[in-house]
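# What the coordinates show
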Amino acid sequence: MDWEKLPITVLKFGGSSVAGVERLKHVAEIIKKRRDAGARVAVVVSAMGSTTDDLLALASDVTTEKHGRELDQLLATGEQQSVALLALALNHNGVPAQSFTAFQAGIKAKGFPMEGRIYEILPDAVEAALNKGIVAVITGFQAVTDAGDVITLGRGGSDLSAVAFAAALGASSCCLLKDVTGIMTGDPHVISNTKKLRQIDFNECMQITVLGAKVLQARSVEVAARYEIPLYVGSSFVEEEGTWVMANPVTEGLIIKSVIQDKKVAKIVLLGVPDIPGIAARFFANLAEKGVGVEMIIQNNMRGGMNDIGFLVKKTDLETASQVCRDFCREIDAQGVSFDTEIARISIVGAGIANHPEVPAKMFSTLAEAGINIDMIASTAIAVTCVVASSHADEAARELHEHFIGEASF
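A brief look at the structure comes next. (Residues numbered from 1 in each chain as written. Predicted model: local features only at pLDDT ≥ 70, side-chain atom pairs only at ≥ 80, totals over all residues. Heavy atoms only, no water.)

Quick look at the overall build of the protein chain now. Helices and strands together make up the secondary structure of the protein chain, namely 12 helices and 20 strands. C-alpha atoms of the protein chain, sized along the principal axes, occupy 75 × 50 × 35 Å. Put simply, 75% of the contacts in the protein chain that link residues at least 6 apart link residues at least 24 apart. Of the roughly 18700 Å² of accessible surface on the protein chain, 51% is carried by carbon and sulfur atoms. The average position of the 37 basic charges and that of the 49 acidic charges among the side chains of the protein chain differ by 3 Å. (Helix = DSSP H or I, 4+ residues; strand = E, 2+ residues; numbered from the N terminus. Contact = heavy atoms within 4.5 Å. Areas by Shrake-Rupley, 256 points an atom, 1.4 Å probe, with all protein chains shown as cover. Lys, Arg positive; Asp, Glu negative; His and termini not counted. Charge placed at Lys NZ, Arg CZ, Asp CG, Glu CD.)

Here it is, written out as structure tokens:
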């Protein structure tokens, strides 16, 4: 067979899909079918089951300090186990396969430990294997720095690895196979009547992932949109049609596509900041230098030439952000800083929001009728987000889902 003339497809399997020997054998069967159907197949694999969490727990037993470089070295071993075992399972099943570490696959990244950013993929070795009909099984979640260190790509980083490799190889699509049957209109663990989206636009999907939906890593959707790689999100457990993420799909006609709640955020307010040009630029530059991302920035103009600046950070970044805030407050002689961890972010997402001015009003009235107070509000062309007490987050999500999606026909 002239393998070089066959299309390339990239498959990605999450940790639950390869959580044990039987799951690995099942995944090997899926890969064999795809290859036998006439395709060169590259596979990106996560660590098995709860391996990443188990490794983090081991590290915390050793030390309470966060040594990012060493954690990257540790966590990378999870995917190295997965790819070797899956390659063994494929070869046993009569499918020639070869495992590749990030170094062998040519995945280069830079940035902060545990939050690496891919800047280059040199896929020559992988492509050479594919052209011989060999299935390339590649470690997800990790890359290599110019200094030769392993660096991981953040939670859900295997999604990013798969999409980036699909772009580098010129693949026709990228299939992300998980323990879910597709992208839902809400969190089924919280909302009982969620619906599966058959198709969703790149921008809408990126927004829901940024706002807290766990089904995909936000950065993977960003790369897919940039290189116009259609994404398929489906299950490796059952044969059921999943969700396509693409540019300008024919959608179901819903204004609101998803309701998302995110309890993993904290609110920070800098109090009494001098109203001087450049203050905000200096402050947020300090946070960026520490790798802290911020969202929903709101500045309140106060009397007497002073402002309050509020924003959200991930709870995992709160300790670092807190220290930056305290140091900056002393530097500029601000009045102080406050923190609130008992909050949640509730969002509705849909490309039609900008054309429907009644949507925000309906969102606010729905929350008011449920007795849920709003602390902060932010909006974009395709999303409206409110900050509420974390104790009300699930109720808010259910109420909004019922009012905006509820019995809508698909």
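Mapped onto the elements, T145 comes out in the loop between β7 (142-144) and β8 (150-152). As for T145 and K362, which are separated by 217 residues in sequence, their C-alpha atoms are 48 Å apart. Setting aside chain neighbours within four positions, we find T145 in contact with K108, A109 and I151.

Let us now look at the nonpolar core. With 47 residues, the main nonpolar core has V10, V126, I138, C174 and I183 as its most contacted residues. If you tally residues by element for this core, the top one is helix α6 (residues 157-169), at seven residues. Once you skip the residues sitting within four places of it in the chain, I138 turns out to touch A42, V43, V44, V45, V83, F100, A105, I107, V126 and F165. Counting residues in each nonpolar core, the second largest holds 24 residues, with I31, V41, V45 and L86 among its members. (Core = buried A, V, L, I, M, F, W, Y, C linked by side-chain atoms within 4.5 Å. Buried < 20%, exposed > 50% of the residue type's maximum accessible area, 1.4 Å probe, protein only.)

This next bit is on helix α8 (residues 218-227). Along α8, the residues that are buried comprise A218, R219, S220, V221, V223 and A224. For α8, the elements touching its buried residues are β5 (115-121), α6, α7 (202-210) and β11 (231-235). Downstream of α8 by one or two residues, E228 has phi in the positive range, about 55°.

Read from one edge of the open sheet, eight strands run β3-β6-β2-β1-β9-β11-β12-β10, paired in mixed fashion. The sheet terminates laterally at β3 (97-100) and β10 (199-201), the two strands that pair on one side only. In this sheet, neighbouring strand axes are inclined to one another by 20° on average, regardless of whether the strands run parallel or antiparallel. In terms of strand pairing, strand β1 (residues 8-13) meets strand β9 (residues 174-178) through four bridges, oriented parallel. When the bridges of β9 are listed, V10 appears paired with C174. Set on the sheet, helix α1 (residues 21-36) makes contact with β1, β2 (40-45), β6 (135-139) and β9; between it and β1 the angle comes to about 170°. Across the sheet, helix α3 (residues 68-92) touches β2, β3 and β6, and the angle it forms with β6 is around 165°. (Pairing = 2+ DSSP bridges. Axes fitted to C-alpha atoms, helices over the stretch in contact; angles between N-to-C directions.)

Here we take up the packing of α6 against α8. At a minimum axis distance of 8 Å, the contact between α6 and α8 shows a crossing angle of 15°. The orientation of α6 with respect to α8, classified from their angle, is roughly parallel. Considering the relative orientation of α6 and α8, their crossing is left-handed. Of the residues in α8, those in contact with D159, L160, V163, A164 and A167 of α6 are R219, S220, V223, A224 and Y227. Classifying every residue of the contact of α6 with α8 gives seven nonpolar, one polar and two charged. (Parallel < 35°, antiparallel > 145°, perpendicular 65-115°, else oblique. Left-handed = near helix turned anticlockwise from the far one by under 90°. Nonpolar A, V, L, I, M, F, W, Y, C, P; charged D, E, K, R; others polar.)

Right, let's talk about the sheet that holds strand β15 (residues 295-301) for a bit. Strand order in the open sheet made by the four strands is β15-β16-β14-β17, with antiparallel pairing throughout. Both edges of this open sheet fall to β15 and β17 (336-340), since each of them pairs with a single strand only. For this sheet, the mean inter-axis angle between neighbouring strands, taken without regard to orientation, is 15°. Pairing of strand β14 (residues 265-274) with strand β16 (residues 306-314), which is carried by eight bridges, proceeds in the antiparallel orientation. Counted as the bridge partner of V273 is N307 from β16. On the sheet, helix α9 (residues 279-289) packs against β14, β15 and β16 and is oriented at approximately 20° with respect to β16.

Relative to the 21 Å expected for 15 residues at 1.5 Å per residue, helix α10 (residues 318-332) spans 21 Å between its end C-alpha atoms, a close match to the ideal helical length. Within α10 the residues assigned to the buried category are L318, A321, S322, V324, C325, F328, C329 and I332. On an axial view of α10, the arc spanned by its buried residues comes to 165°, and they lie on one face. What points out from α10, more than 90 degrees from its buried face, is the exposed set E319, R330 and E331. On its buried face, α10 is in contact with β14, α9, β16 and β17. A positive backbone phi angle near 60° is found at D333, which sits one or two residues after α10. (Expected span 1.5 Å × (residues − 1). Arc of directions from axis to C-beta.)

At F141, a residue that is not glycine, the phi angle is positive and equals roughly 75°. Relative to the elements of secondary structure, F141 occurs in the loop between β6 and β7. A residue is classified by how much of its surface remains accessible, and F141, at 7% relative accessible area, is buried.

Where α9 contacts α10, the two axes come as close as 10 Å, and the packing angle between them is 145°. Two packed elements cross with a definite hand, and for α9 against α10 that hand is right-handed. Facing I279, R282, F283, N286 and L287 of α9, the residues of α10 in contact are A321, V324, C325, F328, E331 and I332. The residue inventory of the contact of α9 with α10, partitioned by class, reads eight nonpolar, one polar and two charged.

This part takes up the packing of aromatic side chains. This model, assessed by the stated rule, comprises five aromatic pairs. Pairing F283 with F311 gives two aromatic rings, centres 5.6 Å apart and planes at 55°, and the pair type is tilted. Here F283 is found in helix α9, whereas its partner F311 is found in strand β16, with 28 residues between them in sequence. In this pair, the class of F283 matches that of F311, namely buried. On the accessibility criterion, F283 (0% relative accessible area) is buried. Following the ring pairs from residue to residue traces out a cluster consisting of F283, F284, F311 and F328. Over the ring of F237 we find R23; its NZ or CZ atom is 3.8 Å from the centre of that ring. (Phe/Tyr/Trp six-rings, centres within 6.5 Å; stacked < 30°, edge-to-face > 60°. Lys NZ or Arg CZ within 6 Å of the ring centre and 35° of its normal.)

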